[in-house]
Amino acid sequence: MSNSIRKLTIISLLLAIAIVLTMVENLIPIDFGMVGIKLGLANIVVMFCLLTMGARSAFLIVLAKALFVMFSKGTVAFSLSMGGGLLAFLVMYCLIKNDDQVSYILISVLGAMAFNIGQLIMISIWYSSLAVFYYLPVLLISGIVTGIITASILSRCMPLLRRLY
Amino acid sequence: MNKKFITKRDSIIVVSLIAICLILWLLTSGVFSKTGRVVHIYQDNDLIETVDLTVNKVISYQHLKLMVSENGEIAVIWADCADQVCVKMGKIKLIGQSIMCLPNHILVQVMGESDLDIVIK
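Residues numbered from 1 in each chain as written. Chains lettered and ligands numbered in written order. Predicted model: local features only at pLDDT ≥ 70, side-chain atom pairs only at ≥ 80, totals over all residues. Heavy atoms only, no water.

### So, the packing of aromatic side chains
Any pair of aromatic rings gets described here by the distance separating the centres and the angle formed by the planes.
Here comes step 1: Scanning the model with the defined rule gives two aromatic pairs over all chains in all.
Here comes step 2: Measuring from centroid to centroid gives 5.5 Å for F59 of chain A and F89 of chain A, while their planes differ by 55°, and the two rings are tilted. Separated by 30 residues along the polypeptide, F59 of chain A in helix α3 (residues 55-73) and F89 of chain A in helix α4 (residues 75-98) bring together distant segments of the chain.
Here comes step 3: A residue is classified by how much of its surface remains accessible, and F59 of chain A, at 34% relative accessible area, is partly exposed.
Here comes step 4: Classification of F89 of chain A by relative accessible area gives buried; the value is 8%.
Here comes step 5: Grouped by ring-pair contacts, the aromatic residues F59, F89 and Y93 of chain A constitute a single cluster.
Here comes step 6: Lying over the aromatic face of W78 of chain B, K65 of chain B brings its terminal NZ or CZ to 5.8 Å of the ring centre. (Phe/Tyr/Trp six-rings, centres within 6.5 Å; stacked < 30°, edge-to-face > 60°. Helix = DSSP H or I, 4+ residues; strand = E, 2+ residues; numbered from the N terminus. Buried < 20%, exposed > 50% of the residue type's maximum accessible area, 1.4 Å probe, protein only. Lys NZ or Arg CZ within 6 Å of the ring centre and 35° of its normal.)

### Thoughts on the interface of chain B and chain A
Here comes step 1: Contacts between the two partners involve 34 residues from chain B and, on the opposite side, 39 residues from chain A.
Here comes step 2: Overall, the association of chain B and chain A removes approximately 3200 Å² of surface from exposure, summing both partners, and the carbon and sulfur fraction of that is 70%.
Here comes step 3: With its nearest N and O atoms 2.8 Å apart, the salt bridge here joins R9 of chain B to D99 of chain A.
Here comes step 4: The tally of links between chain B and chain A comes to seven residue pairs in polar contact (both at pLDDT 80 or more).
Here comes step 5: Contributions of two or more residues to the side of chain B that touches chain A are made by α1 (8-28), α2 (85-88), β6 (98-101) and β7 (106-111) of chain B. (Contact = heavy atoms within 4.5 Å. Buried area = accessible area lost by both parts, 1.4 Å probe. Salt bridge = Lys/Arg side-chain N within 4 Å of Asp/Glu carboxyl O. Polar contact = N/O pair within 3.5 Å; in protein donor to acceptor, adjacent residues only side chain to side chain.)

### What about the pattern of salt bridges?
Here comes step 1: For the structure on display, the rule yields three salt bridges over all chains.
Here comes step 2: K91 of chain B is the partner of E73 of chain B in a salt bridge, and the nearest nitrogen-oxygen pair spans 3.9 Å. Of the two residues, E73 of chain B is situated in strand β5 (residues 73-79) and K91 of chain B in the loop between α2 and β6; the sequence distance between them amounts to 18 residues.
Here comes step 3: On the basis of relative accessible area, E73 of chain B is assigned to the buried category, the value being 14%.
Here comes step 4: The exposure class of K91 of chain B is exposed, given its relative accessible area of 52%.
Here comes step 5: One salt-bridge network, held together by shared partners, links D99 of chain A together with R9 and D10 of chain B.

### Examining helix α2 (residues 42-52) of chain A
Residue and element names in this part refer to chain A.
Here comes step 1: Within α2, 11 of the 11 residues are buried, which leaves the element mostly enclosed by the surrounding structure.
Here comes step 2: Those residues of α2 lying buried are A42, N43, I44, V45, V46, M47, F48, C49, L50, L51 and T52.
Here comes step 3: On the buried face of α2, the contacting elements are α1 (2-27), α3, α4, α5 (104-127) and α6 (136-161).

### Focus: the pairing of β5 of chain B
Residues in a regular strand point their side chains to alternate faces of the sheet.
Residues and elements named next belong to chain B.
Here comes step 1: For β5, the tally of buried residues reaches five of seven residues, placing the bulk of the element in the interior.
Here comes step 2: Bridge count for strand β4 (residues 64-69) against β5 is six bridges, and the pairing is antiparallel. Bridge pairing in β5 places V68 opposite I74.
Here comes step 3: The turn linking β4 back onto β5 is made up of three residues, and G72 within it adopts a positive phi angle of 70°. (Pairing = 2+ DSSP bridges.)

This is the structure we're talking about:
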């Protein structure tokens, strides 16, 4: 019983970290004149959760974070967060489950790319137009770069975070 | 559950992913695509206006202002939304490029030659 309370507490804590990281990264003035290019720092939390606490907890964080986005930014932003988050979650989950040798960098890079693809899919649904896929290559490259950055942050933080769970 | 930051295999995968994406990017970003002649403006997925890119002008709508400049480029110069993403996207002129305004649900897309040109040919 106390174990599940402990787990719940840690998940809530991680969710709070994910939300704060999203706010922090919005403060960083990286502007490529492009939509959707972001560091994706919240993905660090999802990856940590996926690696240590399991798929259910990670899924919960993706879901709860998307809900937070809905309350703070509205339904369009919610659908983008959901589309990107779910696809990234699925890709990272399959990767970790089926490949014991997979390194942080591959999980992170493929996760970031999946996030961007998921967001583009949601935008193209909103517009019922495939025009936005014009930006796919740029978004994929940015996904690779930000994926490498988040992977290095995660691998540095992992020894510290492991004390949490 | 002790993972490495990077393995030899994964570095090869990541590098080849970068290469593939760069090639994709080259293929789509101007090197091979032509500049467009007309722009289609959609609101709520309906075509509301077709703008000729050869004439300089400012087009005003309720929620945003567009400007066509000398070299056949079009840009959103003003929008009433909070995020201003469409303004930051700058000028576009290549066929297939587009500017989106999610809050107002408007899509500006550069198209190829107009129907008239095709008829003349």
